[in-house]
Amino acid sequence: KNYCLDNIVRLQRISPGFRKLILISFDFLSISLGIIFTNYLSNSGQLVINSPIFLKLIVITFLLGISIYLITSQYRSLSGYFRSELIYKFVARNFLLVILLIFLGKIFFNNFPDFKFWTLFFLINNFLIIGNRLIIKDLIKYLNFRNLKDRPKVLIYGAGAAGAQLAASINISR
């Protein structure tokens with residue numbers, strides 16, 4: 001009955017290195033879909049994948065994107081602790097990615113996509129990457145809540161700011 005959920009619960013117990021690999025795979029999928037959607041939208045609803053630059057575009061964007069994400073520690077934080085400040089960091093990383101792609105495209109390629117293409121890619125890629133992180137966060141939160149139903153309840157009384165911090169910490173750990 002809960003075969004899918006049980007497999008997802010097992011995923012919570014995997015090593016951090018393998019979790020990082022899963023997140024990189026999600027980012028590869030997001031970057032690839034971002035390029036495909038941007039290509040489709042910027043070509044008036046025509047998907048142009050037979051151009052020689054298309055495969056180079058996906059490979060270059062992925063390699064540069066994952067390099068930026070690794071260098072800037074995008075994979076350090078656990079998905080269960082995804083906070084709003086991380087959204088700003090994702091946007092900043094993707095902005096850096098697009099700026100570097102435009103710069104490298106101008107230097108090394110004759111028919112590299114224009115600024116309009118990269119602006120659209122920036123928006124789509126942010127939506128896809130942040131969206132999949134939010135889904136992962138909510139899935140982890142749901143699974144943790146499902147596993148905590150039979151745990152005792154905690155009452156914090158008279159602890160002031162320290163109590164509020166403890167309550168927030170307990171809620172995050174759920």
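## Description of the overall build of the protein chain
Scanning the protein chain for helices and strands turns up six helices and zero strands. The order of helices and strands in the protein chain, counted from the N terminus, is α-α-α-α-α-α. Accessible area of the protein chain: about 11,600 Å², with a carbon and sulfur share of 66%.

## What to know about a nonpolar patch on the surface
On the surface, Leu-55, Val-59 and Leu-63 cluster together to form a nonpolar patch covering roughly 290 Å² of accessible area. Residue placement: Val-59 occurs in helix α3 (residues 52-71).

## What to know about the confidence of the model for the protein chain
On average, the protein chain scores 79 in pLDDT, and the residues at 70 or more come to 74%. The least confident element of the protein chain, judged by mean pLDDT, is helix α1 (residues 3-11) at 62; the most confident is helix α4 (residues 84-108) at 90.

## Topic: the packing of α3 against α4
For any two helices packed against each other, the geometry comes down to the angle between their axes and how far apart the axes lie. α4 packs onto α3 with a crossing angle of 135 degrees between their chain directions and a minimal axis gap of 10 Å. With respect to α4, the element α3 is oriented oblique. Pair α3 / α4 crosses with right-handed handedness. In this structure, α3 uses Ile-60, Thr-61, Leu-64, Gly-65, Ile-68 and Tyr-69 to contact α4, whose residues at the interface are Arg-93, Asn-94, Leu-96, Leu-97, Leu-100, Leu-101 and Leu-104. Looking at the contact of α3 with α4, its residues break down into nine nonpolar, three polar and one charged.

## Some details on the nonpolar core
Counting residues in each nonpolar core, the largest one holds 28 residues, and the members touching the most others are Ile-35, Tyr-69, Leu-97, Trp-118 and Phe-121. When residues of this core are traced back to their parent elements, those giving at least two are α2 (16-42), α3, α4 and α5 (115-147). Broken down by element, this core gets its largest block of residues, nine residues, from α3. If we ignore the near neighbours within four places in the chain, the residues touching Phe-121 are Ile-31, Gly-34, Ile-35, Thr-38, Thr-61, Leu-97 and Val-98.

## Focus: α3
Here α3 is 20 residues long and its end C-alpha atoms lie 29 Å apart, about the 28 Å a rise of 1.5 Å per residue gives. Of the residues making up α3, those classed as buried are Ile-53, Phe-54, Leu-57, Ile-58, Thr-61, Phe-62, Leu-64, Gly-65, Ile-66, Ile-68 and Tyr-69. Ser-73, located one to two residues past α3, shows a positive phi value of around 60 degrees.

## Things to note about the packing of aromatic side chains
Applying the stated criterion to the full structure yields six aromatic pairs. Ring centres of Phe-109 and Phe-112 lie 5.0 Å apart, and the angle between their planes is 15 degrees; this geometry places the pair in the stacked category. The positively charged end of Arg-93 is found above the aromatic ring belonging to Phe-90, 5.9 Å away from the centroid.

## Focus on the packing of α2 against α3
Two elements in contact, α2 and α3, have axes whose closest approach is 10 Å; the angle formed by their N-to-C orientations is 140 degrees. Overall, the two elements α2 and α3 adopt an arrangement that is oblique. Classified by chirality, the crossing of α3 by α2 is right-handed. Counted together, Lys-20, Ile-24, Asp-27, Phe-28, Ile-31, Ser-32, Ile-35, Ile-36 and Asn-39 of α2 and Phe-54, Leu-57, Ile-58, Thr-61, Phe-62, Gly-65, Ile-66, Tyr-69 and Leu-70 of α3 form the full contact between these two elements.

Here is what the cut-offs are and how they apply
- Residues numbered from 1 in each chain as written.
- Predicted model: local features only at pLDDT ≥ 70, side-chain atom pairs only at ≥ 80, totals over all residues.
- Heavy atoms only, no water.
- Helix = DSSP H or I, 4+ residues; strand = E, 2+ residues; numbered from the N terminus.
- Areas by Shrake-Rupley, 256 points an atom, 1.4 Å probe, with all protein chains shown as cover.
- Patch = residues over 30% accessible without salt bridge, like charges linked within 9 Å, V, L, I, M, F, W, Y side chains within 5 Å.
- Salt bridge = Lys/Arg side-chain N within 4 Å of Asp/Glu carboxyl O.
- pLDDT = per-residue confidence, 0-100.
- Axes fitted to C-alpha atoms, helices over the stretch in contact; angles between N-to-C directions.
- Parallel < 35°, antiparallel > 145°, perpendicular 65-115°, else oblique.
- Left-handed = near helix turned anticlockwise from the far one by under 90°.
- Contact = heavy atoms within 4.5 Å.
- Nonpolar A, V, L, I, M, F, W, Y, C, P; charged D, E, K, R; others polar.
- Core = buried A, V, L, I, M, F, W, Y, C linked by side-chain atoms within 4.5 Å.
- Buried < 20%, exposed > 50% of the residue type's maximum accessible area, 1.4 Å probe, protein only.
- Expected span 1.5 Å × (residues − 1).
- Phe/Tyr/Trp six-rings, centres within 6.5 Å; stacked < 30°, edge-to-face > 60°.
- Lys NZ or Arg CZ within 6 Å of the ring centre and 35° of its normal.

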